[in-house]
Amino acid sequence: MANQRPSFDKAHPEHYQITIAIGDMLSRHGLTRMTLAGDGNVTAEWLGQLKDTAETVKQMPSHFTGTLKRHDPVDLLLKASQLDWGRQFPSRPGIPDEAIVVWQFGEKGSPGAELRVWLREAEQDPLMGPLLKGLRQELAELSDNHLYL
Amino acid sequence: MACKDTAGGARRRCLEWEAQQRRECRNWRTEQTRRCDDWETTSEQRCTQSHTEQERACDRWETERTQECSDWIVIFRWLCLAWTWVTTTVCRAWSWVTKTVCDVWTWVSTTVCRVWTLVTTLVCTLWVIVTTLVCRTWVFVLDSWCLFYCSLRRLFAPTEFSQLKSECIYGWTSAYRAEIDTENCRLNITLRIRLVADEGVSAADLTAGQAIWEPAIEAAWSGQFPLRMTDGSCTCEQYTVNVDVQFVNSNEHHTVTVHPGSGREDMTNWYVNTIGEAAAHEAGHMFGNVDEYADSNCSGRTVTSDGSIMENHITGAVLVRHYASFANWLSNRTCCTYQAS
């Protein structure tokens, strides 16, 4: 994946998408992946090994699709395009159990740019933080609080 | 073997060595003195016996010669008696000389024997003194080394314990307060946590969280395994671990940010909905334990499946190995070796 700053054409947001994947399929919280397309369509899925009871597995859906409710997709994609895509990982040792956030941004169908960052760094980053917060709000609504980033 | 035991053993061996060597020296002197006395007695008897025989021979000679002289005519008898007297005198003189020489020899050889006994006893005593001195010096060196070694180990077991930990791409500081209560043979671990409310988390949320997390951590980590002494000689054969979690506003060991709702908690970030078991897992990191679940970012990690709380906080429990940090602290603090079992 190229790590140079990706271009974003605001006039044609439908050509772009951002994907955020947090966690690890093998970890106790699993991997949550959310993709936001420039047209406002959102898909989210959870991949992992539930350590809880079998009943919980049945009750918990792991795939959701929908559209953005509270945010403007163009605004979110614009924020994504402004992230520091050249950032090196890891910038510091991780906190035990800390998840890794993988951002992917680019035109649909192309590999685009990829950025890996510790979750707490992402939350505190002035550009990444608000974007993550926005996506979390949308995911909570979309999955009825079943999934979280 | 523990340092204290080695020094104690050396001290005991020194005392045993000294006692044994002194006993051997004493036995040697007694035996040697007896030999000298025996030698003296035997020699004196031999001298006396020889002298008696010699005297008897002289007497016999005199008697026989006197009888022979009586058969001679007068003029020759006198000459014969004179000759007899002279030879008998020479015989007695010889007897006296040999007796004297024999006595002198007895005295000289006995004296040499006694001097030898004295000298060897002296050498033996000196040997005991020197070796005991060397032994005691060695014990002193061992004691000093023990004192130094134990003091050094103690530095690694401060009451306010803090240690940098790392695993793969993770790094953190394990910190807690540890105190030993030798009266009740208890190791008291205090974990002071300062909770910081993230946006959207109320004081009531924190209070509710504390009510769940504190008992969960304490129950999971207290008294699971005794820390047994496997080497050394310390007051307590075994210690019971007692964990006390305190939520504080200052002087904390760890700061935990509490976020609203649910999420991916880590050691220093919990959520209002974080369950007690998860808090107990995170406390495990605070005590210095590493994760034991599979992590694609940490290929070298030892993944376990023996019901460990560090692998699965829901179904897992604290296991013997998770007390390693406590056992290590206790060992360093007491200079005895303790192991969880």
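Above this text sits the structure in question.
Residues numbered from 1 in each chain as written. Chains lettered and ligands numbered in written order. Predicted model: local features only at pLDDT ≥ 70, side-chain atom pairs only at ≥ 80, totals over all residues. Heavy atoms only, no water.

Caption draft 1: Quick peek at the interface of chain B and chain A. Contacts between chain B and chain A engage 29 residues on the former and 32 residues on the latter. Counting the surface chain B buries against chain A, the share from its top three residues, Ile169, Tyr170 and Arg264 of chain B, is 32%. At the junction of chain B with chain A, the criterion picks out two salt bridges. Where Lys133 of chain A meets Glu199 of chain B, a salt bridge forms, and the shortest distance between an N and an O atom there is 3.6 Å. For the pair chain B and chain A, the interface holds 15 residue pairs in polar contact (both at pLDDT 80 or more). Among the secondary structure elements, those contributing two or more residues to the side of chain B that touches chain A are strand E2 (170-181), strand E7 (269-271) and helix H4 (276-286) of chain B. (Contact = heavy atoms within 4.5 Å. Buried area = accessible area lost by both parts, 1.4 Å probe. Salt bridge = Lys/Arg side-chain N within 4 Å of Asp/Glu carboxyl O. Polar contact = N/O pair within 3.5 Å; in protein donor to acceptor, adjacent residues only side chain to side chain. Helix = DSSP H or I, 4+ residues; strand = E, 2+ residues; numbered from the N terminus.)

Caption draft 2: Fine view of the nonpolar core. Ranked by size, the top nonpolar core spans 53 residues in total, and within it Leu187, Trp221, Leu227 and Phe326 of chain B carry the most contacts. Apart from the residues lying within four places of it in its own chain, the contact partners of Phe326 of chain B are Tyr176, Leu187, Ile189, Trp221, Leu227, Val241 and Phe287 of chain B. Counting 34 residues, the second-largest nonpolar core is a separate cluster that includes Met34, Ala44, Val101 and Leu132 of chain A. (Core = buried A, V, L, I, M, F, W, Y, C linked by side-chain atoms within 4.5 Å. Buried < 20%, exposed > 50% of the residue type's maximum accessible area, 1.4 Å probe, protein only.)

Caption draft 3: Representation of the environment of Asp144 of chain A within the structure. By the element assignment, Asp144 of chain A lies in the segment after helix H4 (128-142). A C-alpha to C-alpha distance of 12 Å links Asp144 of chain A and His63 of chain A, two positions 81 residues apart in sequence.

Caption draft 4: Molecular detail of the environment of Arg136 of chain A. All names here are of chain A. When you line up the elements, Arg136 lands in helix H4. Taking the C-alpha atoms as reference, Arg136 lies 18 Å from Ser81; in sequence the two are 55 residues apart. For Arg136, the side chain forms a polar contact with the side chain of Glu123, separated by 2.8 Å.

Caption draft 5: Structural view of the packing of helix H3 (residues 203-221) of chain B against H4 of chain B. All names here are of chain B. Packing of H3 against H4 leaves a shortest axis separation of 8 Å and a crossing angle of 60°. When the axis of H3 is compared with that of H4, the two are oblique. For H3 against H4, the interelement crossing comes out right-handed. Contacts from Ile212, Trp213, Ala216, Ile217, Ala220 and Trp221 of H3 reach H4 at Gly276, Ala279, Ala280, Ala283 and Gly284. (Axes fitted to C-alpha atoms, helices over the stretch in contact; angles between N-to-C directions. Parallel < 35°, antiparallel > 145°, perpendicular 65-115°, else oblique. Left-handed = near helix turned anticlockwise from the far one by under 90°.)

Caption draft 6: Structural context of the state of the cysteines. Residues and elements named next belong to chain B. Taken as a whole, this structure holds ten disulfides over all chains when the rule is applied. Here Cys25 engages in a disulfide with Cys124; their sulfurs sit 1.8 Å apart. Across the S-S bond linking Cys25 and Cys124, the dihedral sits near -90°, which makes this disulfide left-handed. One end of the pair, Cys25, is in helix H1 (residues 3-70); the other, Cys124, is in helix H2 (residues 74-155), with 99 residues separating them in the sequence. The buried category is assigned to Cys25, whose relative accessible area is 5%. The disulfide bridge from Cys168 ends at Cys298, spanning 1.7 Å between sulfur atoms. A torsion of 55° about the S-S bond marks the disulfide between Cys168 and Cys298 as right-handed. (Disulfide = S-S within 2.5 Å.)

Caption draft 7: Here's a closer look at the pairing of strand E6 (residues 254-259) of chain B. Where strand E3 (residues 186-197) of chain B meets E6 of chain B, five bridges bridge the pair, whose relative direction is parallel. Pairing of Ala197 of chain B across the sheet is with Val258 of chain B, part of E6 of chain B. (Pairing = 2+ DSSP bridges.)

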